[in-house]
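Summary of the model geometry
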Amino acid sequence: MLHPLPTGALALAQEPLAPSVEMGYWYFFCFLTERGQMGLTRNREDLARGVWQRNSPEWHVTDAEFAQAAQL
């Protein structure tokens, strides 16, 4: 038996979540959906920093180094 979605559930699903939550789905959302494009636009630096920290957890950089890398 199918259960109906709560009122407003589909509209809510169109809004980006916090970057820490979006991280697990970053490739799908950021490159394949309008919702991801909104999140990428709104939270570009937070997402970039999260990907950096997740992929290189032992590579600690200062805010200035991070900003410089973003310019490359």
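Our structure's up above, just so we're on the same page.
The structure contained in this document is the topic of the report that follows. (Residues numbered from 1 in each chain as written. Predicted model: local features only at pLDDT ≥ 70, side-chain atom pairs only at ≥ 80, totals over all residues. Heavy atoms only, no water.)

1. Thoughts on the overall build of the protein chain
Condition: Secondary structure elements are taken from DSSP: a helix is a run of H or I of four residues or more, a strand is a run of E of two residues or more, and numbering for both begins at the N terminus. For a compact globule the rule gives 2.2 Å times the number of residues to the power 0.38, and the radius of gyration it is set against comes from C-alpha atoms. A 1.4 Å probe rolled over the protein chains alone gives each residue an accessible area, and that area as a share of the maximum for its type sets the label: buried under 20%, exposed over 50%, partly exposed in between. In what follows, a contact means two residues having at least one pair of non-hydrogen atoms within 4.5 Å. Methods summary: accessible areas were calculated by the Shrake-Rupley approach with a probe of 1.4 Å, and residue burial reflects only the protein chains presented.
Secondary structure summary: the protein chain contains six helices and zero strands in total. The order of helices and strands in the protein chain, counted from the N terminus, is α-α-α-α-α-α. Since a compact globule built from 72 residues should have a radius of gyration of about 11 Å, the 16 Å found for the protein chain marks it as more spread out than a globular shape. Once the C-alpha set of the protein chain is aligned to its principal axes, its extents read approximately 50 × 20 × 20 Å. Taking all 72 residues of the protein chain together, the buried fraction comes to 21%. Relative to all contacts within the protein chain whose residues are 6 or more apart in sequence, the contacts with residues 24 or more apart total 31%. Surface accessibility of the protein chain: about 6000 Å² in total, with carbon and sulfur atoms responsible for 61%.

2. Side note on the side chain of R49
Short version of the rule: Here a polar contact means two N or O atoms within 3.5 Å. Within protein one must be a hydrogen donor candidate and the other an acceptor candidate, and residues neighboring in sequence count only if both atoms are side-chain atoms.
Structurally, R49 is set in helix α5 (residues 44-55). Among the polar contacts listed, one links the side chain of R49 to the side chain of D63, at a separation of 3.4 Å. Those residues within four positions of R49 in sequence are excluded, and the remaining contacts are D63 and F66.

3. Description of the pattern of salt bridges
Any two side chains of opposite charge can pair, so long as their charged atoms come close to each other. Just so we agree on the cut-off: By salt bridge we mean one thing: a side-chain nitrogen of Lys or Arg within 4 Å of a carboxyl oxygen of Asp or Glu.
Using the criterion set out here, one finds three salt bridges in the structure. Residues R49 and E45 are paired through a salt bridge, measuring 3.8 Å at the closest nitrogen-oxygen approach. Remark: E45 and R49 occur in helix α5; sequence separation between them is four residues, near one turn of the helix. Judged by its relative accessible area of 51%, E45 is exposed. What emerges from the salt-bridge pattern is a single network uniting E45, R49 and D63.

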